[in-house]
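Structure at a glance
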Protein chains: 2
Amino acid sequence: MIIELVTTGTELLLGQIVNLNAPFLAARLNELGFSVLYQTTVGDNRGRMKSVLETAFKRADIIITSGGLGPTQGDITKEVTAALFNKPMYLHEASAEQIKKFFAKRRLCMTDNNLRQAMMPEGAQIVENTCGTAPGVIIEDEMAGKIIINLPGPPRELTAMFEKSIVPYLSSRFGLQGAIVSRVLRTYGLGESALEERIKTYILGQSNPTLALLARNGEIHVRITAKAASVTEAVRLIDELESQIHPLLDEYIFGIDEETMERSVGNLLLNKNLTIALAESCTGGLVSSRITDVPGSSQYLMGSIVCYSNAVKVQQVGVPETTIETKGAVSPETAEYMAQGIREKLNTDIGVGITGIAGPDGATENKPVGLVYIAIDGAAGKVCYEHCFNGERADIKHRTALTALNHIRRYLLTI
Amino acid sequence: MIIELVTTGTELLLGQIVNLNAPFLAARLNELGFSVLYQTTVGDNRGRMKSVLETAFKRADIIITSGGLGPTQGDITKEVTAALFNKPMYLHEASAEQIKKFFAKRRLCMTDNNLRQAMMPEGAQIVENTCGTAPGVIIEDEMAGKIIINLPGPPRELTAMFEKSIVPYLSSRFGLQGAIVSRVLRTYGLGESALEERIKTYILGQSNPTLALLARNGEIHVRITAKAASVTEAVRLIDELESQIHPLLDEYIFGIDEETMERSVGNLLLNKNLTIALAESCTGGLVSSRITDVPGSSQYLMGSIVCYSNAVKVQQVGVPETTIETKGAVSPETAEYMAQGIREKLNTDIGVGITGIAGPDGATENKPVGLVYIAIDGAAGKVCYEHCFNGERADIKHRTALTALNHIRRYLLTI
């Protein structure tokens, strides 16, 4: 079954709001086994909406619209849908009652416009809206074998109506069988094409499960998706493929599904019963902030010092003044002293020092913008890594934070 | 000129990511005077992409695509576009050189796949990508009077390319006459409807300039847009309207256009020649990180201490142990000691202390998740604010950081 999503609303066309309904519906429908192959957005204009729906009918079996069920003159989705099927509109009494009750309960003033929401295409199934006043509509055209579903625009109303009424409708109508299950292997440190190269044969050779690569904020995600008669069987297919590709990417995989880099680091610290502290210069506290994005991180992060000025590096973290003078604040020596200093000062198992040039100023002849040193001190000794990142200040901070977390993760794996 | 946006990518169809390119392009193109009447999303499938582009050509003068310019086998947008215009593909040497340089500079391994990004449709204008490896493409079909523009998918690359190359291209190509100028007044602290109430007469009464309210990550932006024969005249219209609404929102406006809260704070510190240091608990370094997002922030941020554990609060920031025992780590007293302690320790003009319960754990009978204290110590004395924020851990951290920066801003205005 091919589905096209048609999201309507001039505010979408003007770019005033981000479309959250399309990704919600797409994700849920895919999980249910439908193929959402097209998403179209059109404004509150009768002619253009009609033509978009006509195009959609040529290429899809089911159209799901969102928006345009409200009380204003600009809300035309039901009327355009009815016209497409040559159905007249009538006042649906039960819906009118619901709307009157809704207003009475909230002591709100109701206008005649509000009753427009109870006007329905003849022969349509009316879908209750448990979060608002606009009912949804399902029309089946048996001759053409097509279905159109009109959902309200506000994401909260759409989500509730979809889960409560549309999922049961689709399940019973299409006797949904089987299961689609996905698993995401999150990797860091290999470029997209280098990663593709490693698992190319599996990407090209597979039809079930399928493999897809997704670049996400510097991470590369490998998504394995399997279709099968049951969840158990789909999971078995995924396990089988994962066991083949995992060894090819092993050191780069830091998490599965929703496991972020900071959660992976946190789990390692918890499991090994270790504490950590950071001395951050160019990242300005970003790495500590990311570590504390994980609930329960107070169990392993004791604290950090953002040593932005050289004085703070010297006085609070114990970097020798002569090191800064002779080697520079951005040097492997300073990074190592920072890691060691913060570890000693906050009395933790692991100490991390990060110093670099986030730019746009601060570069020297030998030290370009983006040059970063990340040092770690702990039971496995002191290590220091040099990187040079491209991009704007924010990108450099982001890449440095992600890379630092990854170095911490790999350091923890060795102890 | 009618424009259709065609965003491509299977991850959009699967609902795995939210489409941020469409609203960005739509908003900017509308500002430039183009009508974006259709937005379509299609996956990385040759047949379907071709048919979507054909449909788009029937109803639009200009098609702008995003995505599918990468190095993998799934990146097919340029090829499909070239096929549509019957143009063969060739290796564009200058782009190939750029890509080689990009990899060399980052010391990354390059594969043959990467050179796919330098394959271009014959006769196309090549558009430089200043943030990534995938160049953009402009093809004009003079016979049909149609234009297609291929932009990269990553929002950062797309945004930069659009502003640096596509806006100048469209302006010169269509001799954009007159000027459309926007100014954004960024506010914080007033809800959307309370703000609307204050400037309602201006929202309803204006046709040029127009006023729009946009909620953005807890901030409310008031966008004033004027059309006029020249930029000077448009700016004059905006100045006139701004002078009327500014007094109604005065204390809530923290920045104009791209001036973020942290930049506004930074400018105040610079202008007043003051230094700052923070003691952060529940925000874990997020406020310091945001302050250091601003280039040149090393002039006023000396450093910070993320005092996540009570031991660090006591030993490094000087919070009396008895205060933590009797009042609690999340209390106005602790916040004030943190502000004073960090100010004294790092010898700065301003000290800030932030402590709270980010959740989901840590709540007690009297102290719910979301309870936060923000204290500031400086020349105007000690102040402390209590807030209780809703939402998930990440929301609470974000709201706390934004609110803390706003308190710092308003404190700085008094000294």
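Residues numbered from 1 in each chain as written. Chains lettered and ligands numbered in written order. Predicted model: local features only at pLDDT ≥ 70, side-chain atom pairs only at ≥ 80, totals over all residues.

Some points on the overall build of chain A
In terms of regular secondary structure, chain A is built from 15 helices and 17 strands. Taken against the 2.2 N^0.38 rule, which gives 22 Å for 415 residues, the C-alpha radius of gyration of chain A at 28 Å runs more than 25% over that of a compact globule. Overall, the C-alpha framework of chain A stretches about 85 × 55 × 40 Å when taken along its three principal axes. Taking the intrachain contacts of chain A between residues at least 6 apart in sequence as the baseline, contacts between residues at least 24 apart amount to 64%. (Helix = DSSP H or I, 4+ residues; strand = E, 2+ residues; numbered from the N terminus. Rg over C-alpha atoms; globule rule 2.2 N^0.38 Å. Contact = placed C-beta atoms within 7 Å.)

Quick look at the interface of chain B and chain A
Accessible area lost upon the coming together of the parts is a frequently used measure of interface size. On the side of chain A, 65 residues touch chain B, which itself brings 68 residues to the contact. Here the residues of the side of chain B that touches chain A sort into 35 nonpolar, 27 polar and 6 charged. Where strand β2 (residues 35-42) of chain A meets strand β2 (residues 35-42) of chain B, 5 bridges bridge the pair, whose relative direction is antiparallel. The residue of β2(B) that forms the bridge with A:Thr40 is B:Thr40. (Nonpolar A, V, L, I, M, F, W, Y, C, P; charged D, E, K, R; others polar. Pairing = 2+ DSSP bridges.)

So, the sheet that holds strand β11 (residues 219-228) of chain A
All names here are of chain A. Within the open sheet, the 4 strands sit side by side as β10-β11-β9-β12. Their pairing is antiparallel. On the outer flanks of this sheet lie β10 (210-216) and β12 (253-256), each paired with one strand and no other. Going across the sheet, the axis of each strand differs from the next one's by a mean of 25°, ignoring polarity. Direction of pairing for strand β9 (residues 179-187) relative to β11: antiparallel, over a ladder of 9 bridges. By the bridge assignment, Arg183 is partnered in β11 with Ile224. Relative to the sheet, helix α8 (residues 192-205) contacts β9, β10 and β11, its axis offset from that of β10 by approximately 170°. (Axes fitted to C-alpha atoms, helices over the stretch in contact; angles between N-to-C directions.)

Concerning the sheet that holds strand β15 (residues 350-356) of chain A
One open sheet holds the 10 strands; their spatial order is β17(A)-β16(A)-β15(A)-β13(A)-β14(A)-β14(B)-β13(B)-β15(B)-β16(B)-β17(B), and the pairing between them is mixed. Two strands bound the open sheet, and with one partner strand each, they are β17 (381-388) of chain A together with β17 (381-388) of chain B. Neighbouring strand axes in the sheet, compared pairwise and without regard to direction, differ in orientation by 10° on average. The sheet strands contacting helix α15 (residues 393-413) of chain B are β15 (350-356), β16 (371-378) and β17 of chain B, and the helix crosses β16(B) at an angle near 25°.

Looking at helix α9 (residues 231-249) of chain B
When the terminal C-alpha atoms of α9(B) are compared, their 25 Å separation across 19 residues agrees well with the 27 Å that a helix rising 1.5 Å per residue should span. At B:Ser243, α9(B) shows its maximal kink, close to 35°; a proline, B:Pro247, follows between one and four residues later. (Expected span 1.5 Å × (residues − 1). Bend = angle between axes of the 7 residues up to and from the residue.)

Notes on helix α12 (residues 310-317) of chain B
Residue and element names in this part refer to chain B. Within the sequence span of α12, burial applies to Val312, Lys313, Gln316 and Val317. One side of α12 holds all its buried residues, which, seen down the axis, span an arc of 105°. Positioned one or two residues after α12, Gly318 has a phi angle of 80°, which is positive. (Buried ≥ 20, exposed ≤ 12 C-beta atoms within 10 Å, placed from the backbone. Arc of directions from axis to C-beta.)

Note that every value here comes from positions in space, so none of it alone points to a role or purpose.
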